[in-house]
Amino acid sequence: MAKAAGGLISKLLDPLLAKRAGVSLSLINAWSEIVGADIGAQSMPVKVRWPARSDDTQSFEPGVLMIAAEGAAALYVQHQTAQIIERVNGFLGYHAVARIKITQKPIEKPRTQKRLRPLTESQKRALNNVAATIDDEALKASLKRFGENVMRDKK
């Protein structure tokens, strides 16, 4: 279910991000694979700034990839711009990026998941008693998982 929801969210957000920021979720998600794990952990694509066109008859011109990077990673990204441009264009499948502009700022790190404490025997019994009244097995399993998470999260 989580993968299906993630795919649906991706399908909804990708066109919006591409239109507003010129960057897709697939580029953001694959960033570490494109630039390498060490640069990927300390940098992130922000948007692609496209040259202004007066009308649709003008030919396409590649844009400027805006990258946010932390501290020393900004310097490393600067030295690797040619390779990053080549890799990003290869990932996108066309010559989309001609230059890179680096903004030095902190990158939000993904949160580590906290360890959930195990349920006590009395909590397990209470959960099983409540779930015993439900006939649908799929619904029963889902509600038990939900109940376990709620009980584990209580302080």
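Residues numbered from 1 in each chain as written. Predicted model: local features only at pLDDT ≥ 70, side-chain atom pairs only at ≥ 80, totals over all residues. Heavy atoms only, no water.

> Any chance you could explain the sheet that holds strand β1 (residues 43-49) here in plain terms?
Within a beta sheet, neighbouring strands are joined by backbone hydrogen bonds and run either parallel or antiparallel to one another. With respect to topology, 3 strands assemble into an open sheet ordered β1-β2-β3, the strand pairing being mixed. Strands with a single pairing partner mark the edges of an open sheet, and in this sheet they are β1 and β3 (97-104). For this sheet the average axis-to-axis angle between neighbouring strands, irrespective of direction, equals 25°. Where strand β2 (residues 63-69) meets β3, 7 bridges bridge the pair, whose relative direction is parallel. Residue pairing for β3: Met66 is matched across the bridge by Lys101. Along the sheet face, helix α6 (residues 81-92) touches β2 and β3 and points at about 120° away from the line of β3. (Pairing = 2+ DSSP bridges. Helix = DSSP H or I, 4+ residues; strand = E, 2+ residues; numbered from the N terminus. Axes fitted to C-alpha atoms, helices over the stretch in contact; angles between N-to-C directions. Contact = heavy atoms within 4.5 Å.)

> Which parts of the structure should I look at to understand the pattern of salt bridges?
Pairs can form between side chains of opposite charge whenever their charged atoms are close. Following the criterion strictly, the structure yields 2 salt bridges and no others. A salt bridge links Glu121 to Lys124; the nearest nitrogen and oxygen atoms lie 3.7 Å apart. Here Glu121 and its partner Lys124 are both found in helix α7 (residues 121-131), 3 residues apart, which amounts to about one turn of the helix. Of the residues examined, Glu121 reaches a relative accessible area of 52% and is grouped as exposed. You can call Lys124 partly exposed: its relative accessible area is 38%. Residue Lys140 is joined to Glu137 by a salt bridge in which the shortest nitrogen-to-oxygen separation is 3.8 Å. Separated by 3 residues within a single helix, Lys140 and Glu137 lie in helix α8 (residues 137-153), roughly one turn from each other. (Salt bridge = Lys/Arg side-chain N within 4 Å of Asp/Glu carboxyl O. Buried < 20%, exposed > 50% of the residue type's maximum accessible area, 1.4 Å probe, protein only.)

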